[in-house]
Structures are given as structure tokens and as C-alpha cells.
Amino acid sequence: MSDLHLLQRSPGQILQHLREKVPLIQCLQTPVSMDITANVLLAVGSSPAMVCAAEETAEFMKKADAAAVNMGSLTPARVVEVEAAMKFARDLRKPWVLDPVACGSTTFRTNNCVRALDYKPTVIRGNASEILALSMACTKSEERKSFGRGADATDTTDEALPAAIALARRQECVVAISGSVDRITDGKIVVEVHNGDALMTKITGVGCSLSALVASCVASEPSCVLEATCAAFVLLGVSAEVCHARNPGVLRVKMIENLYEMEAPYLDRNSKMKV
Amino acid sequence: MSDLHLLQRSPGQILQHLREKVPLIQCLQTPVSMDITANVLLAVGSSPAMVCAAEETAEFMKKADAAAVNMGSLTPARVVEVEAAMKFARDLRKPWVLDPVACGSTTFRTNNCVRALDYKPTVIRGNASEILALSMACTKSEERKSFGRGADATDTTDEALPAAIALARRQECVVAISGSVDRITDGKIVVEVHNGDALMTKITGVGCSLSALVASCVASEPSCVLEATCAAFVLLGVSAEVCHARNPGVLRVKMIENLYEMEAPYLDRNSKMKV
Amino acid sequence: MSDLHLLQRSPGQILQHLREKVPLIQCLQTPVSMDITANVLLAVGSSPAMVCAAEETAEFMKKADAAAVNMGSLTPARVVEVEAAMKFARDLRKPWVLDPVACGSTTFRTNNCVRALDYKPTVIRGNASEILALSMACTKSEERKSFGRGADATDTTDEALPAAIALARRQECVVAISGSVDRITDGKIVVEVHNGDALMTKITGVGCSLSALVASCVASEPSCVLEATCAAFVLLGVSAEVCHARNPGVLRVKMIENLYEMEAPYLDRNSKMKV
């Protein structure tokens, strides 16, 4: 962990800034993860708003501190909403996070995720299969045609790392891969996060919530996007692992309890980052 | 609390009527609060139905005892559904509750909330910023242009009370403002409810659930709309406060437990209303 | 319980196969029950995917092991999605489960449920009122015109059994009726399941989750559809009843815990089936 000094803010510092600022996050979220996402954001101290209509996005985005755009359960009507949110986030220079849910599993999904890159996401967060699929699709690589199984990864974050670095460089953004070891990169530095609990994959919407949590952290520390992204991973990971939960039923309840009660020094003491 | 005799039914009496009647409530609800709303209604003893299509509302509303119409995550497709529900509720003389979510935060939202008033809601329940915005918008007051932050209030119920009274008089309905002290008025009497727990604002969908609970109580006691509205606030407030919860994770689970187990005499003993 | 030998697989055997296979289930689910459905499927060991757009169903269904199609909160846009899912499930010979939510409560709902039968569901799971309404609607019986109250049954599974048997024979499928005693039939054999807890009806989305759990079990044991359907009922029923819960708040959390921790021998020891 010798190069941690490259990171200019600790997770605890970012958590503190988040709680002072109470950032307003416009969430374009799939219905399946709206409830957990909103509860995660409220517990940590930010303010979620499930505003989605293209008719009001231009006006609402002005008040928002960041946006979280999730491609889950995508429909043609949803594409219109999502495009408006991405456009205004970019035009108003608001940080925004792309969650390319199930990218690679159908052409419709992959094409819409690739098109989202035109709007310059600040952070892209996905699992290994989604990041691999997105990176290869936007270079029109023909090596592989199928990735993942729905929202579940079938690749490791280690396998997806070169694709993540390439994507981060091309897009000039931060790319974050969730997995048993999380890997986050801005194309230059790679940070590993070793916090978390394997049971998190057995609760629906945890990845979606994490993306919205990344948006909350980046909104609180917009000049340190890499650090803020890492902070979100550490925050959710520590909140989960200190439960020592034996099953997902209790983990869901306790993870939210811990997010609410988390103190900055405790977070920094339990953070397991490696640069 | 000297004028409590003005209220013709106690919360406990209304709870008892609700459990005897098992009112069927048609809920037009934003996806983010559907789960908690349905669980709150089932726990207390009413029967929620998430029927929304304009194609079936006319027929379904005949069977329903009341409707709860929520303006959250409003989209053009949703506007069509909501308008049908409001129209048939009015035409069939079913009590219905308007929840003007995030009214004041965008023009699209405010305009649709103002238009909803044409359908004569029986009760309007919102937070202080939403009620202020709605009341001023329908008098075309130009004093203020921006209200609230998404679904969160930035005003107190005390500040919003004159607007609530004016709105109740103009609309001939009950207006209820949620806050650390809730204030409910029919334009003549003002009732304060001092039950509840500040942590309720850290769980998504509690306000939305409360509106549907108001619809359940009014459906059970349609000739005492003011009392029934107060009963819903007391019921949810007592269910939350007796948890003595330290965080929103446990509060969400226990509040629903308490709603299910609540007994009428206990409710009346713990009710903190002031007229 | 003398004719149990007619069933070729025990619930425990099917649970074991499910966990080895991790079936991918495409869920067309009403938003109100998406969260609990996905969590139930993840807990038991299958992989839910909330893929709904007609634009990607043809491609996604090829990867899926089964589909669960729920008619709740049906809208015209949803009808298009649901029809695509049913068409491709049939054409690709994937097992799929129809949940005719609130069939009988409006003409729009009933007509769409009847039309779904053209796509040859492998299993139909509903409550007594829904099964009665569906069976009578597709024979154009004019005896009764109104059924159920929204998603709640007003008939018993005993009363609905002849309709279920007739429906199973006409459709050559399995029909399963949820109730205090569950009854499952392929038109020849009738299996009763006596597991479960009356409190399950006080949690929203339990029936919807059960339908998706049926899809998971059938995907794991496609040659034993009757047994797989019964296994899903036993699995959810045992997971609920061993909680000895006093209220729905705690039952929801603990039922998911038990699904995750359930062991095959324990399941078979606690199974209460009668042929």
C-alpha cells in the first residue's frame, strides 16, 4: 500500500464533505433498484431524487449536484429519459455516473451504452463483464460477442482491467469495476479496494446503489474524482463487511444501518485500498 | 389540547373501522415507493391495488373505496394514467388523496399538480415546500419561484400553514403538511400532530406511504375527513416513535411491525394531537 | 399421503438441481414486486434478470432458462413487452410461468390474461379468484362477472379446483392455486401443499415472487413440471413457516434468510404435500 499518498482525499474526508453538503442526486434508476438506491443515499446523507421525465430534466438538473444514470430494464421510453439526463448533465457540467447494466448481453443494451459515452460520463461503474463488453464495443472489437448473464458478471475484475484502463484513457474518465476485488482507474493510477462481502451479490440493486453512491461522493469532492469513486466503494464495502452477515436478508438491513452510523475515522481505519 | 372535543373520532376508533372494512385503495404510486406503500397498507389492514392503466381505471375505481394519487417520477405516460384516476375518482365520488411530490421544483411538476386540483382532491398531503408551492402556484403568486430540493422540504410546516389554510378554503378540502410537527387543516380548524421520529425522513417513500394511509383512513370514515387524516398521521407517527430506532434500517422494519400489531387503545393513549 | 410416489422428484432434489444450475430467469414483473422477487430468486440461488423491452427480448430469451410473466400494473406499453416475452418463450421452447394478477377484476386485465394463453404457458399460478376468472373467461362462461378484490382472493382454493383442473386440461399445462392450502394440478393429479403462513398475504409481492420461483424450479427440472411447481410452493412455504413470525415486517426479512440457508434434507423433512 506504498503509493496511497497519490490519493489526495481519504474515504473518511469525503464522507465528511458529503454530510456537510448533502448533495442532491438525480437518479435515473431501474425500478428494481429504486428502493434500495434511495435508502442507501438517504442513509449515507445525500438526497436522492427519482426525477426522470425529459420534460423536467433540463430544469431539475440545474439544482442537482450530480446524476446517476442506470441502463437497467431499458425500454424505448426510458432511452428518451436517459438521453435527456445525460445531455443536460454534460451541458451543465454536472458530474454524472454511467452504470452500463447488462451491457454485452443484448445488442440493444450494448448500443445504448456505447451511445451514452458521447455524453462524457465522469465515472463508469460496472461489473467485469459489463466493462469488458463496453470497452470492446466502442472499439468495435470482434473478439467476443457475448458477455455476462444478465446483470451478473462471468469475468473477473483482473481480466477486465486492461479494458477498463483503455476505456478510461479514451473517455478521459474514471472506470470502476466491481468484484471480489474492486479495481478503479483513471487510466493512469489503478486502485484496488479489498473491502466488501461476497453476499452483496445476493442482494438485488447493490451495484446500482453503489453507482449512485459514487455520484454522491463525486458531487461532494468534484476535483478528486478518482478518490471520490474509491471512497464510495470503501464506504459500501466496510458497511457490508462489518455486519459479518450469514445471509442476504440481514445484510440488506444492517448494511443500511451501518451506512447511517458510519463515522469517518472508523471508515479510514477499516479501508483496504492498494494503489 | 383543550379543543380536542372538536374531533368526532379518535385515531383508535378510525383504526378499528379500517380493520373492519379492509378498504380497497387504488394507488397511483411512483415505483420508488410502491413496495413500502403496499407493505404499510397491508400491515395496517387495508388492501392496496397498484392499478394504473387508464384502460381499466373506470372499471376498477367502482370497486375501490378510495384512491391515492402520487406525482412522483412523473412522466407523460404517467400523466395520462393519473388524470384518468383523478377523473373517475371525482365522477364516482370516491375520496382521493393528492400527493404533490416535488411540486415547485420544476414547471412540469408544478403545472401538473395545479391541474390535479380541478379534480377536487379530498385531501392534499405534502411537505411544507410542496404545499407552499402548490398554494402559491394556483393563485399565480409570483413572490417565489423555487421551492424544496426534489422531494425534500426546505421550509417548516409553521411557515407553510397560512398557505395550507388558504388552499384548504379555496379547494374545500383537507390539507395536511408533514414535518417535525405535522399540521392538518380543513380551512377552519388546525390540528397539530406531535407524533413521529425525525428518522422517518431518512427512509424513502414514508411520505408517499402516509398519503396512501390517509386514503385508507378516509375510506374507512368518509364523513370525518379531518379526523381520518389526523388518524393516519398519528398511526404512522406512533408506529415509528415507539421503535426508539437509532437508524433508518431498523426503523423501516419495525415501523411496519408496529403498524401490524398496533391496538386502538394503545394508539389513543400515545396520540399527541393539539387543536 | 399415500400417493406421493407419483411425484418423481422431491422438493429437496429440485432445490439441489437449482443451486447447481443457477438458472437465469427473465422476469416481466410489476414494479411493486420487482425488489422482493429479485431478492427471493437471488437468495434461493437463481439469477433474475429484469429485462423487459421488446427490442431485446428475442436475443435475451435465448440465454434465459425460463421466463416469469406477471400481469400486475398492466399498461398498454407493458402489454407490448409481455407479448414479446411470451412469444419468444414459446418459439424458443423455454418454460414460462403466467401470473394472471387481478384477472377478473377488470375487462382489460381479463382479456390480456386470456390472450396470454395463446402463448402456451408451462405453468399458470394465481390465487383462487384469479384462476376461477381465467378459467371461466376462456370458456366464455357467463355465470359470474366479477372476481376478487384487486390482487386479493375472495374465493378458496377448494372452490377454484374444478376450474383449475379444466384449465390445466384445456391448456395442457400445470395450474397452481395459492391459498391457505395450495392446490397444484396437471389436469390428472392434484397435489395439496400445506406449508406456509397466513402472514405471507400481508407482504406485498409474495405471490409474484412465488411465480418467479416456480419458473426457477421448472428451469432446473424441465421434465418434471408438476414436481418443480410443487417444490417452489414447499420451498417458500417452509421458509416462511419456520420463522414463526408474529408480523409481516420480520417475516419478510427472515423468509429471505431462510431461503438462502435452506438445506435440501431439511426441506424434505418439513414438506407437507398430499397427492
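Residues numbered from 1 in each chain as written. Chains lettered and ligands numbered in written order. Predicted model: local features only at pLDDT ≥ 70, side-chain atom pairs only at ≥ 80, totals over all residues. Heavy atoms only, no water.

In the nomenclature of an unreviewed UniProt entry, chain A is known as hydroxyethylthiazole kinase of Guillardia theta. Quoted verbatim from the Pathway (unreviewed entry) heading of the UniProt record, the comment on chain A is "Cofactor biosynthesis; thiamine diphosphate biosynthesis; 4-methyl-5-(2-phosphoethyl)-thiazole from 5-(2-hydroxyethyl)-4-methylthiazole: step 1/1." The UniProt entry for chain A carries the following comment under Cofactor (unreviewed entry): "Mg(2+)". (UniProt positions renumbered as here; feature names shortened; annotations may be inferred.)

Asks: Can you lay out empty space enclosed by the protein for me, pointing to particular residues and giving the numbers?
Replies: Tallied over the full model, the rule gives three cavities of 30 Å³ or more. Approximately 420 Å³ is the volume found for the largest cavity. Elements supplying a minimum of two residues to the lining of the largest cavity: α2 (31–44) and α10 (248–261) of chain A, α2 (31–44) and α10 (248–261) of chain B together with α2 (31–44) and α10 (248–261) of chain C. Grouping the amino acids of the lining of the largest cavity by side-chain chemistry returns eleven nonpolar, six polar and six charged. Quantified by volume, the second largest cavity comes out at close to 50 Å³. Listing elements by their share of the lining of the second largest cavity, those giving two or more residues are α2 of chain A, α2 of chain B together with α2 of chain C. Residues of the lining of the second largest cavity, tallied by class, amount to seven nonpolar, no polar and three charged. (1 Å grid on protein atoms, 1.4 Å probe; cavity = no way out; pocket = protein on both sides within 12 Å on 5 of 7 lines; lining within 4 Å. Points joined across faces, edges and corners; volume = space filled by probe spheres on them. Helix = DSSP H or I, 4+ residues; strand = E, 2+ residues; numbered from the N terminus. Nonpolar A, V, L, I, M, F, W, Y, C, P; charged D, E, K, R; others polar.)

Asks: How would you summarise the interface of chain C and chain A if you had to cite specific residues and measurements?
Replies: In this complex, chain C contributes 28 residues to the contact, which on the side of chain A involves 30 residues. Here chain C and chain A share an interface that buries about 2400 Å² over both sides, 54% of which is from carbon and sulfur atoms. Between Glu-56 of chain C and Arg-109 of chain A there is a salt bridge whose closest N-O contact spans 2.8 Å. Put simply, chain C and chain A have nine residue pairs in polar contact (both at pLDDT 80 or more) between them. Within the residue set of the side of chain C that touches chain A, elements represented by two or more residues are α2, β2 (47–49), α3 (54–63) and α10 of chain C. The element best represented in the side of chain C that touches chain A is α2 of chain C, accounting for seven residues. Split by residue class, the side of chain C that touches chain A holds 17 nonpolar, two polar and nine charged. (Contact = heavy atoms within 4.5 Å. Buried area = accessible area lost by both parts, 1.4 Å probe. Salt bridge = Lys/Arg side-chain N within 4 Å of Asp/Glu carboxyl O. Polar contact = N/O pair within 3.5 Å; in protein donor to acceptor, adjacent residues only side chain to side chain.)

Asks: Just give me the short version of the interface of chain C and chain B, but keep the residues and values in it.
Replies: Counting from both sides, the interface comprises 30 residues of chain C and, opposite them, 28 residues of chain B. Between chain C and chain B, the buried area comes to about 2300 Å², and carbon and sulfur atoms account for 54% of it. The largest per-residue losses of area from chain C upon contact with chain B belong to Val-32, Arg-149 and Lys-202 of chain C, which jointly make up 22% of the total buried on that side. Remark: the boundary between chain C and chain B carries three salt bridges. In this structure, Arg-252 of chain C and Asp-35 of chain B form a salt bridge, with 2.7 Å as the shortest nitrogen-oxygen distance. Our count for the contact surface shared by chain C and chain B stands at nine residue pairs in polar contact (both at pLDDT 80 or more). Contributing elements (two or more residues each) for the side of chain C that touches chain B: α2, α5 (107–116) and α10 of chain C. No other element matches the five residues that α10 of chain C contributes to the side of chain C that touches chain B. Taken together, the residues that form the side of chain C that touches chain B break down as eleven nonpolar, 13 polar and six charged.

Asks: Explain the sheet that holds strand β4 (residues 96–99) of chain A to me, using residue names and the numbers behind them.
Replies: Residues and elements named next belong to chain A. Read from one edge of the open sheet, nine strands run β2-β1-β3-β4-β5-β6-β7-β8-β9, paired in mixed fashion. If you trace the sheet from one side to the other, it starts and ends with β2 (47–49) and β9 (273–274), each paired once. Summarising the sheet, strand β5 (residues 123–127) and strand β6 (residues 174–178) pair through five bridges and their orientation is parallel. Looking across to β6, one finds that Ile-124 is bridged to Val-175. (Pairing = 2+ DSSP bridges.)

Asks: Hey, could you go over the relation of the copies chain C and chain B for me, with residue numbers and the actual values?
Replies: With an RMSD of 0.0 Å, chain C superimposes on chain B once it is rotated by 120° and translated 0.0 Å along the axis. Taken together, the rotation and translation describe the operation of a three-fold axis. It is Pro-31 of chain C whose C-alpha, among those of chain C, lies nearest the rotation axis, at 3.4 Å. When you check the interface residues of chain C against chain B, a mere 7% turn up at the interface there too, and the two sides of the contact use different surfaces. (Least-squares fit on C-alpha atoms with pLDDT ≥ 70 in both.)

Asks: Let's hear about the packing of α10 of chain A against α10 of chain C: which residues, and what values?
Replies: Running from N to C, α10 of chain A and α10 of chain C cross one another at 135°; their axes reach a closest spacing of 7 Å. The angle between α10 of chain A and α10 of chain C places the two elements in the oblique class. Contacts from Pro-248, Gly-249, Val-250 and Val-253 of chain A in α10 of chain A reach Val-253, Ile-256, Glu-257 and Tyr-260 of chain C in α10 of chain C. (Axes fitted to C-alpha atoms, helices over the stretch in contact; angles between N-to-C directions. Parallel < 35°, antiparallel > 145°, perpendicular 65-115°, else oblique.)

Asks: Which residues make up the relation of the copies chain C and chain A, and what values do they have?
Replies: Note on the identical chains: chain C maps onto chain A by a rotation of 120° and an axial translation of 0.0 Å, with an RMSD of 0.0 Å. Counting the interface residues of chain C, we find that no more than 7% of their copies in chain A are interface residues as well, pointing to two distinct contact surfaces.

Asks: Would you mind going over the state of the cysteines in detail, with residue names and values included?
Replies: Considering all chains together, one arrives at zero disulfides over all chains under this definition. Cys-208 of chain B takes part in no disulfide bond, and the closest cysteine sulfur to it belongs to Cys-27 of chain B, at a distance of 11 Å. (Disulfide = S-S within 2.5 Å.)

Asks: So what about the sheet that holds strand β5 (residues 123–127) of chain C? Which residues, and what values?
Replies: Residue and element names in this part refer to chain C. Spatially, β2-β1-β3-β4-β5-β6-β7-β8-β9 is the arrangement adopted by the nine strands of the open sheet, whose pairing is mixed. The sheet is open, and its two edges are formed by β2 and β9 (273–274), each paired on a single side. Two strands pair when backbone bridges link them, and strand β1 (residues 24–28) and strand β3 (residues 66–70) are joined in this way by four bridges, in the parallel orientation. Looking at the pairing, Cys-27 lines up with Ala-68 of β3. Strand contacts of helix α8 (residues 206–220): β1, β3, β4 (96–99), β5 and β6 (174–178), with the helix running at about 160° to β3, the strand carrying the most contacts.

Asks: An account of the pairing of strand β1 (residues 24–28) of chain A is needed here, citing residue identities and associated values.
Replies: All names here are of chain A. Summarising burial for β1: five of the five residues are buried, a large majority. Here β1 runs beside β2; their pairing, made up of three bridges, is parallel. In the sheet register, Gln-26 faces β2, and the bridge partner there is Ala-49. Read from β1 through α2 to β2, the crossover connection turns out right-handed. (Buried < 20%, exposed > 50% of the residue type's maximum accessible area, 1.4 Å probe, protein only. Right-handed = clockwise from strand over helix to strand, strands pointing away.)

Asks: Quick rundown of helix α3 (residues 54–63) of chain B? Include the residues and the values.
Replies: Within the span of α3 of chain B, buried status applies to Glu-56, Thr-57, Phe-60 and Met-61 of chain B. Buried residues along α3 of chain B cover an arc of 135° about the axis, so they all sit on one side. Where the residues of α3 of chain B are buried, they touch β1 (24–28), β2 (47–49), β3 (66–70) and α4 (76–91) of chain B together with α5 of chain C. (Arc of directions from axis to C-beta.)

Asks: Hey, could you go over the environment of Val-174 of chain C for me, with residue numbers and the actual values?
Replies: All names here are of chain C. The topology assignment puts Val-174 in strand β6. Residue classification places Val-174 among the buried residues on the basis of a relative accessible area of 5%. Note: C-alpha distance between Val-174 and Gly-187 (13 residues apart in sequence) is 7.2 Å. Not counting residues within four places of it along the chain, the set of residues in contact with Val-174 comprises Thr-122, Val-123, Ile-124, Ile-184, Thr-185, Asp-186, Val-225, Leu-226 and Thr-229.

Asks: Which residues make up the pattern of salt bridges, and what values do they have?
Replies: With the rule as written, the count across this model stands at 42 salt bridges over all chains. Where Arg-246 of chain C meets Glu-261 of chain B, a salt bridge forms, and the shortest distance between an N and an O atom there is 3.1 Å. A residue pair is termed interchain when its members come from two chains, as with Arg-246 of chain C in the loop between α9 (225–241) and α10 and Glu-261 of chain B in helix α10. For Arg-183 of chain C, the salt bridge is made with Glu-192 of chain C, and the minimal N-O distance between the two is 3.4 Å. Exposure remark for Arg-183 of chain C: the relative accessible area of 12% places this residue in the buried category.

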